[in-house]
Amino acid sequence: MLGQAPPDEQAPVEKVVPNITYSVGQQVRVRSGAFANFTGEVEEINNDKQKIWLSVSLFGRPTRVEVDFSEVEPVV
C-alpha cells in the first residue's frame, strides 16, 4: 500500500540477551576465538555489550582479555 512501510520495517527490533550465570571471580574456559582453550578468572561483565573481561596467563603473566558471552563456558 502507498504510504506504509513494509511489514519488516514496522516491527520493533528486540535485542536478545543471553542468560548469563557468570560472576566476577569465577573461573571460565574460552571455547572459541583467539583465546580458545585458555582458562581465566572473570574480572568484569558488560551485559549491554555482551562482553566478559578475563584475566588469563600469557607467557606466565596475567593478561586481561575481552571475549563475547558466547565464547566462554564455566569450568567444572
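Our structure's up above, just so we're on the same page.
Here goes a summary of the coordinates provided.

## Here we look at the sheet that holds strand 5 (residues 72-74)
In any sheet, the strands associate via hydrogen bonds between backbone groups, in a parallel or an antiparallel arrangement. Spatially, five strands are ordered 4-3-2-1-5 in an open sheet, and the strand pairing comes out antiparallel. Of all strands in the sheet, those with a lone pairing partner are strand 4 (61-68) and strand 5, marking the two edges. Looking at each pair of strands side by side, their axes are set apart by 45° on average, direction ignored. The sheet contact formed by strand 1 (residues 27-30) and strand 2 (residues 39-46) spans three bridges and is antiparallel. Looking at the pairing, V28 lines up with G40 of strand 2.

## Here we look at the environment of S23
Structurally, the position occupied by S23 is in the loop between helix 1 (7-10) and strand 1. Along the primary structure S23 and E43 are separated by 20 residues, whereas in three dimensions their C-alpha atoms are 8.5 Å apart. For S23, the contacting residues outside a window of four places in its chain are V42 and I45.

## Considering the pattern of salt bridges
Tallying each qualifying case throughout the model produces five salt bridges. A salt bridge links E66 to K51; its shortest N-O distance comes to 3.9 Å. Separated by 15 residues along the polypeptide, E66 in strand 4 and K51 in strand 3 (residues 51-58) bring together distant segments of the chain. Its relative accessible area of 42% is what places E66 among the partly exposed residues.

## A few points about the side chain of N46
Within the element layout of this structure, N46 appears in strand 2. Beyond its immediate chain neighbours, meaning those up to four positions away, N46 contacts K51, W53 and F69.

Cut-offs used in this document
Per-chain numbering applies: the sequence of each chain, read as written, is numbered from 1 onward. Local features in this predicted model are restricted to residues of pLDDT 70 or higher, and side-chain atom pairs are both shown and tallied only at a pLDDT of 80 or more, whereas totals for entire chains, interfaces and linings draw on every residue. Side-chain measures here rest on the full set of heavy atoms in the structure, leaving out hydrogens and waters. Between any two strands, pairing holds if DSSP finds at least two bridges. Secondary structure elements are defined from DSSP: runs of H or I of at least 4 residues count as helices, runs of E of at least 2 residues count as strands, and each element is numbered from the N terminus. Angles here are taken between N-to-C directions and fall from 0 to 180 degrees, while the axes themselves are lines fitted to C-alpha atoms, restricted in helices to the stretch in contact. In what follows, residue pairs with any heavy atoms lying within 4.5 Å of each other are defined as contacts. Whenever Lys or Arg places a side-chain nitrogen within 4 Å of a carboxyl oxygen from Asp or Glu, that contact is recorded as a salt bridge. Relative accessibility thresholds used throughout: buried, under 20% of the residue-type maximum; exposed, over 50%; partly exposed, between the two (1.4 Å probe, protein chains only).

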